[in-house]
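# Coordinate inspection notes
Chain by chain, the residues run as shown.
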Amino acid sequence: MSERYAWSEALLERALKAIPLGTQTFSKSKTQYPFGVSPFYIARGKGSRVWDVDGNEYIDFINGLAAITLGYNDPDVTVAVKAQLEDGVLFSLPHPIEITVAEKIKEMVPCAEMVRFGKNGSDATAAAIRLARAYTGRDHVAVCGYHGWQDWYIGSTSRNTGVPESTRALTHKFRYNDLESLNQIFNEHLSQVAAVILEPMNSVYPQSGFLEGVKELTHRHGAVLIFDEIVTGFRFAPGGAQQLFGVTPDLATFGKGMANGHPISALVGAGNIMQLCEEIFFSFTFGGETLSLAATLAVLTKIQREPVLQTIAERGSAVMQGVQNLITKHDLGYIFSISGHPSWTFLSIKDVVSYPALHIKTLLMQELFARGILTLGTHNINYAHSEQDIQRLLNTYDEVFAIIKNAVESSSLEHRLQCKPLEALFKIR
């Protein structure tokens, strides 16, 4: 047991006796964090910072897997949620806040003529697919990106245990920025494709004409175009990536950017398609839970009122440029690269002759965590990140890149590790 993370490790031992994987979320589990050099449980957060159960403080660049847009315990969200809590959380009839939030989303999102709420991103994407199948009378789906845990999508990945082969056979992957790979799916399944669903952007920008081409190809073949904006929504622009890139889908799903950590998602889109929600039975007890709706209203209002997304983009741009400068300074371009939208950037690591990328990542995480920086390789910027936070991140990378360069070039990386290296597992992107 390590001294710095002793209580985290003790809690993990307890958790594994009661909870499969020790937690509810794969990306927060022990599979992602090297044992002995990592925190496993966070006790509290405020602004851009979190404190683990051992009392160690971090500037957080994971931010609840990009669900924290404004910062932990944002005062506007906290006030709104506390006020709603006094009135009640769930009732025997709908609460008017459902209408207010739906109207706010219609006001902000280009494709949103009608709105339905869920609790997780997977709720929204699964509903979008069922809706598209109902609208078109077809079964097959073309996918690009990560779209959640439910059978229709996860069956197309290596984590397909328990998914019937008949379900798996209906989902087909195409490559981002490769229209021909999508065209091939349409040609192989003529008049059978109900929907094309993709993240409009993740680690790389769409090439000129790509999203427009996807839309044209999808509509030419009579399918429904769905943008999965669970991450990009209310982060890339007030109306999501569809607003930023000027391409309006038929349906879109939102989630992480909506409520600053409160559990809610949304399926939005064209009224003639969304009306079928009355027929497909997209319904559950907590769909109109009011605390998350109050949080959503507070977040979206703040995005409209204050320079939230502009500030996030500025901080993220400083990270991108600063990290790139450090990669150049340390001559580490053969190992590291940085890409993505300023609000959601990816530090990619390549294998080298002497070490696989996961061994390098393990050392990177070990040294970043020890210096009070929490990241898994992405930088999910929130509104509370200050210029000083960004400078501290860059100063830390400067120190750690020097350590990694020396470890790789002197073939001493394994001697610097204080833990077993991470192992290759399922990647969601």
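Residues numbered from 1 in each chain as written. Predicted model: local features only at pLDDT ≥ 70, side-chain atom pairs only at ≥ 80, totals over all residues. Heavy atoms only, no water.

## What about the overall build of the protein chain?
What counts, and what does not: Starting at the N terminus, helices and strands are each numbered in turn, a helix being any DSSP run of H or I of at least four residues and a strand any DSSP run of E of at least two. Any residue under 20% of the maximum accessible area for its type is buried, any over 50% is exposed, and the rest in between are partly exposed; the area is computed with a 1.4 Å probe on protein chains only. We call two residues in contact when some of their heavy atoms are within 4.5 Å. Every accessible area reported is derived by Shrake-Rupley at a probe size of 1.4 Å, with residue values counting cover from the shown protein chains alone. When charges are counted, Lys and Arg contribute as positive and Asp and Glu as negative, whereas His and the chain ends are disregarded. Charge positions come from single atoms, namely NZ of Lys, CZ of Arg, CG of Asp or CD of Glu.
Along the backbone of the protein chain there are 17 helices and 14 strands. Across its three principal axes, the protein chain shows a C-alpha extent of roughly 60 × 55 × 45 Å. When each of the 429 residues of the protein chain is scored for burial, the buried share is 56%. For the protein chain, long-range pairs separated by at least 24 residues make up 73% of all intrachain contacts whose partners lie at least 6 apart in sequence. When the accessible surface of the protein chain is summed, it comes to about 18500 Å², and 52% of that surface belongs to carbon and sulfur atoms. In the protein chain, which carries 37 positive and 43 negative side-chain charges, the distance between the mean positions of the two groups comes to 3 Å.

## A look at the packing of aromatic side chains
How two aromatic rings sit relative to each other is given by the distance of their centres and the angle of their planes. Spelled out, the test is: Within 6.5 Å between ring centres, the rings of Phe, Tyr and Trp (the latter by its six-membered ring) count as paired, and their orientation is classed by plane angle as stacked under 30 degrees, edge-to-face over 60, tilted in between. The criterion for a charge sitting over a ring is simple: Lys NZ or Arg CZ within 6 Å of the ring centre, and within 35 degrees of the ring normal.
Considering all chains together, one arrives at 11 aromatic pairs under this definition. Seen from their ring centres, Tyr176 and Phe210 are 5.0 Å apart, and the 65 degrees between their planes marks the pair as edge-to-face. In this pair, Tyr176 is assigned in the loop between β6 (171-173) and α8 (179-188) and Phe210 in helix α9 (residues 210-220), connecting sequence segments 34 residues apart. Residue classification places Phe210 among the buried positions, given a relative accessible area of 3%. Members of the aromatic cluster, connected to one another through ring pairs, are Tyr146, Trp152 and Tyr153. The ring of Trp51 has Arg44 lying over it, and the distance from NZ or CZ to the ring centre is 4.1 Å.

## Structural notes on the sheet that holds β6
Note the threshold: Should DSSP find at least two bridges between two strands, the strands are regarded as paired. Orientation is described by lines fitted to C-alpha atoms, with helices fitted over the stretch in contact, and by angles between N-to-C directions that extend from 0 to 180 degrees.
Ordered by their spatial adjacency, 7 strands build an open sheet running β4-β10-β9-β8-β7-β5-β6, and the pairing between neighbours is mixed. Every interior strand has two partners, whereas the edge strands, β4 (114-118) and β6, have only one. Looking at each pair of strands side by side, their axes are set apart by 20 degrees on average, direction ignored. With 5 bridges joining them, strand β5 (residues 140-144) and strand β7 (residues 193-198) adopt parallel strand pairing. From the neighbouring strand, Ala142 faces β7, where its bridge partner is Val196. On top of the sheet, helix α4 (residues 97-108) reaches β4 and β10 (265-269); it is set at about 120 degrees to β4, its chief contact. Here α8 sits on the sheet in contact with β5, β6 and β7, set at roughly 165 degrees to β7.

## Observations regarding the packing of helix α15 (residues 357-370) against helix α16 (residues 387-409)
Which entries qualify depends on this criterion: Convention used here: angles under 35 degrees read as roughly parallel, angles over 145 as roughly antiparallel, angles from 65 to 115 as roughly perpendicular, and any remaining angle as oblique. For any helix crossing, the convention is left-handed if the near helix is rotated counterclockwise from the far helix by under a right angle, and right-handed if that rotation is clockwise. Side-chain classes follow a simple rule in which Ala, Val, Leu, Ile, Met, Phe, Trp, Tyr, Cys and Pro form the nonpolar group, Asp, Glu, Lys and Arg form the charged group, and the remainder, Gly included, forms the polar group.
At a minimum axis separation of 10 Å, α15 and α16 run at an interaxial angle of 140 degrees. As summarised for this structure, α15 and α16 are arranged oblique, according to the angle between their axes. As α15 packs across α16, the resulting crossing turns out to be right-handed. On the side of α15, the interface is formed by Ile360, Leu363, Leu364, Glu367 and Leu368, while α16 contributes Thr396, Tyr397, Val400, Phe401, Ile403, Ile404, Ala407 and Val408. Classifying every residue of the contact of α15 with α16 by side-chain character gives 11 nonpolar, 1 polar and 1 charged.

## Thoughts on helix α1 (residues 6-15)
Keep this limit in mind: Starting at the helix axis, one direction is taken to each C-beta atom, and the arc is that of these directions.
Among all positions of α1, only Ser8, Glu9, Leu11, Leu12 and Ala15 are buried. Down the axis of α1, the buried side of the element spans an arc of 160 degrees, and every buried residue falls inside it.

## A few points about the side chain of Asn380
Convention followed: We define a polar contact as two N or O atoms separated by no more than 3.5 Å, with the added condition that, inside protein, one atom must be a possible hydrogen donor and the other a possible acceptor, whereas residues neighbouring each other in sequence contribute only through side-chain atom pairs.
Its location among the elements puts Asn380 in strand β14 (residues 378-380). A relative accessible area of 4% places Asn380 in the buried class. Within polar-contact distance, the side chain of Asn380 engages the side chain of Thr378 at 3.5 Å. The residues contacting Asn380, other than those within four sequence positions of it, are Phe61, Ile62, Asn63, Leu65, Ala66, Arg235, Ser343, Trp344 and His385.

## A closer look at the sheet that holds strand β2 (residues 49-52)
The mixed open sheet is built from 4 strands, whose spatial order is β1-β2-β3-β13. In this open sheet, the two edge strands, each paired with only one partner strand, are β1 (42-46) and β13 (373-374).

## A short note on the packing of helix α14 (residues 308-329) against α16
α16 packs onto α14 with a crossing angle of 20 degrees between their chain directions and a minimal axis gap of 10 Å. As summarised for this structure, α14 and α16 are arranged roughly parallel, according to the angle between their axes. In the packing of α14 onto α16, the handedness of the crossing is right-handed. Contacts between α14 and α16 involve Arg315, Ala318, Val319, Gly322, Val323, Leu326, Ile327 and Lys329 from the first element and Glu387, Ile390, Leu393, Leu394, Tyr397, Asp398 and Phe401 from the second.

## Things to note about the pairing of β10
The buried count for β10 comes to 5 of 5 residues, which makes it a mostly enclosed element. Note that β4 and β10 share 5 bridges and pair antiparallel. Across the sheet, residue Arg116 finds its bridge partner in β10, namely Leu267. Where strand β9 (residues 251-254) meets β10, 4 bridges bridge the pair, whose relative direction is antiparallel. Looking at the pairing, Leu251 lines up with Gly269 of β10.

## Focus on the pattern of salt bridges
Two side chains with opposite charge may pair up if their charged atoms get near one another. The condition that has to hold: Definition used for salt bridges: Asp or Glu carboxyl oxygen within 4 Å of a side-chain nitrogen of Lys or Arg.
As enumerated under the stated definition, the model contains 15 salt bridges in all. In this structure, the salt-bridge partner of Lys302 is Asp76, at a minimum N-O distance of 2.7 Å. With Lys302 in helix α13 (residues 290-305) and Asp76 in helix α3 (residues 75-87), this pair connects stretches of sequence that are 226 residues apart. Of the charged contacts, one joins Lys119 and Glu289 as a salt bridge, the two residues approaching to 2.6 Å between their closest N and O atoms.

## Some remarks on the side chain of Thr396
Mapped onto the elements of the fold, Thr396 is located in helix α16. Residues contacting Thr396, with those up to four places away along its chain left out, are Leu368, Arg371 and Ile373.

## Some thoughts on the nonpolar core
Filter applied, for reference: Joining through side-chain atoms within 4.5 Å is the link that ties buried Ala, Val, Leu, Ile, Met, Phe, Trp, Tyr and Cys residues into a set, and such a set is a nonpolar core.
The biggest cluster of nonpolar side chains holds 93 residues, and the ones touching the most others in it are Ile105, Phe117, Leu198, Val268, Phe336, Ile360 and Leu364. With residues near it in sequence (within four places) discarded, Ile105 still touches Ala112, Val115, Phe117, Phe234, Met258, Ala266, Val268 and Leu300. The next biggest cluster of nonpolar side chains, apart from the first, holds 24 residues, and it includes Ile154, Ile226, Ile273 and Met274.

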